[in-house]
Amino acid sequence: MAVSEKSPVRVRIAPSPTGFAHLGTASTALYNLIFARANGGTFVLRIDDTDVGRNRPEYEQIIYEGLHWLGLDWDEGPDKGGPVGPYRQSERLDVYKEHAARLIADGKAYRCYCTAEELDAERKQAQAEKRPYKYSRRCLTNPPQGRSEFTIRFNVPGGEVKFTDMIRGEMSFDSGLIGDFIIIKSDTYPTYNYASPVDDATMKITHVIRGEEHLSNTPYQLMVIDALGYERPQAYAHMPLILAHDGSKMSKRKHPELNLMLYREKGYLPEALLNYLVLLGWNPGTSQEIFSFDELVRIFSFDRVQHGGARFDWDKLNWINGEYIRALSDDELARRLKPFLPQLDEATIRRAAPALKTRITKLADAVDLLDYLWTDPPPPSLDQDAAGRVRAAMEALKDVAWEPPAVHDALMTVVEKSGLGPNKTFMPIRQALTGKKISPPIDYTLALLPKEVALSRLAKVAGVSV
RNA sequence: GGCCCCGUCGUCUAGUGGCCUAGGACGCAGCCCUCUCAAGGCUGAGAUCGCGGGUUCGAAUCCCGCCGGGGCUACCA
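Here goes a summary of the coordinates provided.

Conventions used here
Along each chain, residue indices are assigned from 1 in the same order as the chain's sequence is written. By the order in which they are written, chains take letters starting at A while ligands take numbers starting at 1. In view of the model being predicted, local features appear only for residues whose pLDDT reaches at least 70, and side-chain atom pairs are presented and counted only at 80 or more, with totals across whole chains, interfaces and linings using the full set of residues. The basis for the side-chain values is all heavy atoms of the structure; hydrogens and waters are excluded. The distinction between a cavity and a pocket rests on a 1 Å grid over the protein atoms alone: a 1.4 Å probe fits inside a cavity but cannot get out, while a pocket stays open yet meets protein on both sides within 12 Å along at least five of seven lines, and a residue with an atom within 4 Å of a point counts as lining. Grid points are joined across faces, edges and corners, and a volume is the space filled by probe spheres set on the points. Secondary structure elements are defined from DSSP: runs of H or I of at least 4 residues count as helices, runs of E of at least 2 residues count as strands, and each element is numbered from the N terminus. In this count, Pro and Cys sit with the nonpolar residues alongside Ala, Val, Leu, Ile, Met, Phe, Trp and Tyr, while Asp, Glu, Lys and Arg are called charged and the others, Gly among them, polar.

1. Considerations on empty space enclosed by the protein
Now for step 1: Within the structure shown, the criterion is met by one cavity of 30 Å³ or more.
Now for step 2: Estimated volume of the largest cavity: approximately 40 Å³.
Now for step 3: Lining the largest cavity are Asp376, Pro377, Pro379, Ala432, Arg457, Lys460 and Val461.
Now for step 4: At three residues, the largest contribution of residues to the lining of the largest cavity is made by helix 19 (residues 451-462).
Now for step 5: Tallied by class, residues from the lining of the largest cavity come to four nonpolar, no polar and three charged.

Okay, here's the thing in structure tokens:
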């Protein structure tokens, strides 16, 4: 993507601290960071906390945590500072107020004393008459007297609003269809379509990369920037939305996959999640599907971004996560597994790593495979022959080095003597040790357990006392 | 309702007038490998390209209409 030389690239994300860290925030942050790094630009984090009713400071911390987990770190933000701060909208109230005063002085905004009820009635009236609703502009010409509570409305000038979307090309909206919208609420806080462009302009944002839900908001914001006499961002990019698996919009209630922290809890690797997200709405035009961040910085481009929303698919995410896990070294896998296996010491986790690698798709899957190491399974009841083979195995194992290869060799001599397939010997052992029919390869299943514990579990099912 | 965006296998997608009897990936099925489960290898099923009209010698690709989905239309962001 060619970028004009005139000003250094500055991009931003502007999440609202109104709940858990959002998947969409992660996705938008990723595209912004890629673009920033590709152009030697700056990535800004701004907190859009103008909804007094829903914002909570702890939610801001959760956003930081989620972004840090993914490695999507910002250059300027509320916690880091920077040349164009403050970066929290609630701390920029005077900025919005000053700009609003200027707009009013220029006749580009005006106070509105209408009550919510009156506006509601206007809207219903328009609806009943099947007429597209636009604010009546009553307060522009003859505001009601003797009221003290007011909002400030933007005086929409009319005309075409044009801008460049890096994904869709030239966009054009008829602002005659847009009513005078509120820019300052009666609680003195700014609305989104006002605070956002004021901040984008004063923070010298050059490229606005955000979700598609903001495409229709862009003309509102551009009008504000124009009215203030600021330079507009060079371009916008509206990324496709991430839809629920059934094609509907994701909702916090119905779709837990919206919650970023869920992925960490389930054991998705941050780099795998990022890889999946970038593929949801973009492709390189080649068959490559696994990308490092640096690779993305090199090859990502907005002209290969999808225009329509993409459905979230756990299966594909799981596959990608598995690919990343398999690509990890044993040491690294063990390190990442550690928080998921608090019952085990590091050495044990490390010894299990090779056997786990191709068997788990998420880190948390390791628990099912290894929980026999800290819980005693109920002993299965075996028939005489099987119990006999277990006894033979105990005998063969007694003096063997407690490592998978040695264990394996010892067991094979028992298999050979039995004249039966290996499973006839291995499965009873597996069940005796784990209580399950599925476990890591039998040599690992044995060797991961302390030798005495393993032998005592075998003894229990073989009907011998140790 | 108005404005805007979108519509190719179940899902993510390639495709920009002939190379498409529509390609890849995930998932699914079968086979091979194999101590279980995976991983890996191979094979296969799966899309009349939302529908209907045009334009053209020729359309998934261009045009129009319709239908469907999504977004915005808030003193939410």
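Text resumes after the structure shown.
2. Regarding unusual backbone geometry
Now for step 1: Omega for the peptide link from glycine 85 to proline 86 comes to -5°, which places this bond in the cis form.
Now for step 2: By the secondary structure assignment, proline 86 is in the loop between helix 2 (57-70) and helix 3 (93-105).

3. Quick notes on the layout of surface pockets
Unfilled space is identified by rolling a water-sized probe across the atoms.
Now for step 1: The space that makes up the largest pocket amounts to roughly 1200 Å³.
Now for step 2: Lining the largest pocket are 40 residues; nearest its centre among them are Ser16, His22, Thr25, Glu213 and His214.
Now for step 3: For the lining of the largest pocket, the secondary-structure elements that each account for two or more residues are strand 1 (10-13), helix 1 (23-38), helix 2 and strand 8 (207-211).
Now for step 4: For the lining of the largest pocket, the element with the highest residue contribution is helix 1, accounting for five residues.
Now for step 5: When its residues are assigned to classes, the lining of the largest pocket shows 17 nonpolar, 14 polar and nine charged.
Now for step 6: As a volume, the second largest pocket reaches approximately 220 Å³.
Now for step 7: Together, 13 residues line the second largest pocket, and Ser7, Lys204, Ile205, Thr206 and Glu231 are the ones closest to its centre.
Now for step 8: Broken down by class, the residue content of the lining of the second largest pocket amounts to five nonpolar, three polar and five charged.

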